Amino acid sequence: MNDIGGFFELELNQGLEYHNNALRLNLGHTAFEYILRLRKPKRIFLPYYTCDVMLYPLKKLSIPYNFYHIDKKLEPIFDYKRLKRNEYFVYTNYFGIKDCYIKKISMECNNLIIDNAQAFFSFAVKGVDTFYSARKFFGVPDGAYLYTSSMLKEKFKQDNSANRFRHLIGRVENSPENAYSLFKKNEQSLYRQSIKTMSNITRRILKNIDYERAKNIRLENFNYLEKALKKSNLLNIKLDKNSVPMVYPYFTKKKDLRNRLIKNRIFVAQYWPNVYEWVSKNCYEYYLTNNLIPLPIDQRYSVDDMKNILEILDLSIEISL
Ligand SMILES: Cc1ncc(COP(=O)(O)O)c(C=O)c1O
C-alpha cells in the first residue's frame, strides 16, 4: 500500500515524459553500455569527434574499437556498408541537426547505434538502438532513455539522485559562477557509473517539463541565430522538419569569440577537449574542437537574449531580419 499523508514532497506536475516508451536509465554512457552488453559486438566504430566518456564502457567490457573521421557535413568518412556481422557503427546526432542523415544511414547500415545525447527531441528510427541523455537539455542531474528491440535479463538497481542537486539549486539561488564548481563535481561523479535505472526524482522532474514549450522556444531562438549567422557560419545547416537542436553550432574562423562571450557572461561549452589528444592538428575534428562555438538557444532564453549574443559577437551588421 502507498503511504498517505504527512509532510509534502517537492511539488511537481504529473505530466508525461517525452520518451514515454523508452527504457529509463541513469546516463548516456551507461545506456551505451547496455547496448554493448545486449549486442556483444566484436568491434565498435565510433567518431573521433565525440565525448571521451563513450570509451569507458568499451574499455570496461574490453571491446576493441576504431575511430573514424567525419567530413564537413559532420558525416562519416567510412564505408559502413562493409561492416562485418558483429561490428557496430556509432553515429552521433551532432547538436541535434543530423536527423535527415540519420534517416538515410538507418536504411543503409545494419549494425547502427545512434547517440542522441545532443538530440533529446529526435525520434528514434524503428529497430535502431538509440540513446539520449536528459541533462544536456533540461535541469536534471542525470537520466537517460534508450530505445532497443530487446532487453537484458539482468535486473539493475535504481539510481538515487538525492545528493546531486547542489549545482541545480545553486544556479537558482546564486550566480552560475558560484554553482559552476558544483556542476563540475557532479559531472565528475557521474563518470564510471554502472548501469542503473532512472532515479525517482529525475523521472518526476522529466514528467514536469513542458516539452512543447521547450521545443518551440528552442526552434525560435535557433532560427533567429541561423538567419543572422548563416552567411558567416562555416557549417551548412539543413534541419529536418522534426529536429529540435541542442544549441546553435557556430563554426567560425574568427578568433577568440569563445573568450569574448564568456567574459560577457554568455557561457558556451567546448565539445570535446579530448579530441585534441585523439587527432592531429591538421584534422577537421581538431578545427571543430577549436572553432565551433555552441551558442545557447534553450528554453530559458528569448529572442532578446539572442540579440544580446549577436551584439557580443559584434555581428549585428550581418543581421538582415
Ligand atoms: C555526444 C555524447 N555522447 C554521449 C555522452 C555521454 O552522456 P552521459 O554524460 O549522460 O553519460 C556525451 C556526454 O557529454 C556526449 O556529449
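Residues numbered from 1 in each chain as written. Predicted model: local features only at pLDDT ≥ 70, side-chain atom pairs only at ≥ 80, totals over all residues. Heavy atoms only, no water.

## Quick look at the site of the ligand
Short version of the rule: Note on definitions. A residue lies near a molecule or strand when any single heavy atom of the residue is within 4 Å of it. In the analysis that follows, any N or O atom pair within 3.5 Å is treated as a polar contact, provided that within protein one partner can donate a hydrogen and the other can accept it, and provided that, for residues neighboring in sequence, both atoms belong to side chains. In this classification, Asp, Glu, Lys and Arg are treated as charged, Ala, Val, Leu, Ile, Met, Phe, Trp, Tyr, Cys and Pro as nonpolar, and every other residue, Gly included, as polar.
The local shell around the ligand holds 14 residues, among which G28, H29, D115, S133 and R135 are the closest. In the environment of the ligand, an oxygen atom lies 2.8 Å from a nitrogen or oxygen atom belonging to the backbone of G28. H29 is positioned with one of its side-chain polar atoms (N or O) 2.5 Å from an oxygen atom of the ligand. For the shell around the ligand, a count of residues per class yields six nonpolar, five polar and three charged.

## Things to note about the pattern of salt bridges
Threshold: Salt bridges are counted wherever a side-chain nitrogen of Lys or Arg sits within 4 Å of a carboxyl oxygen of Asp or Glu. Counting from the N terminus, the helices are DSSP H or I runs at least four residues long and the strands are E runs at least two residues long. The buried label goes to any residue with under 20% of its type's maximum accessible area, the exposed label to any with over 50%, and the partly exposed label to all in between, with areas taken from a 1.4 Å probe on protein chains only.
Counted according to the given criterion, the structure contains 17 salt bridges. The salt bridge partner of D129 is R39, with a shortest N-O separation of 2.7 Å. Of the two residues, D129 sits in strand β6 (residues 129-133) while R39 sits in helix α1 (residues 28-39), which places them 90 residues apart along the sequence. Overall, the relative accessible area of 3% leaves D129 in the buried class. When the shortest N-O distance is used, the salt bridge between D304 and K307 registers 3.8 Å. In this pair, D304 and K307 both sit in helix α11 (residues 303-313), three residues apart, roughly one turn of the helix.

## What about the nonpolar core?
Here is the rule: Remark: nonpolar core denotes a set of buried residues (Ala, Val, Leu, Ile, Met, Phe, Trp, Tyr, Cys) joined through side-chain atoms within 4.5 Å. Marked domain ranges trace back to an automatic or database domain assignment. By the convention used here, residues are in contact when the closest approach between their heavy atoms is within 4.5 Å.
Counting 71 residues, the largest nonpolar core has Y49, F89 and L295 as its most contacted members. At seven residues, helix α7 (residues 211-229) tops the list of elements feeding residues into this core. Residues from two domains meet in this core; each of domain 1 (23-208) and domain 2 (211-318) gives at least three. Look past the residues within four positions of Y49 in its chain and what remains in contact with it is I70, Y94, F95, Y271, W272, V275, E285, L288, T289 and L292. Ranked by size, the runner-up nonpolar core spans 22 residues in total, among them A31, I35, A144 and F156.

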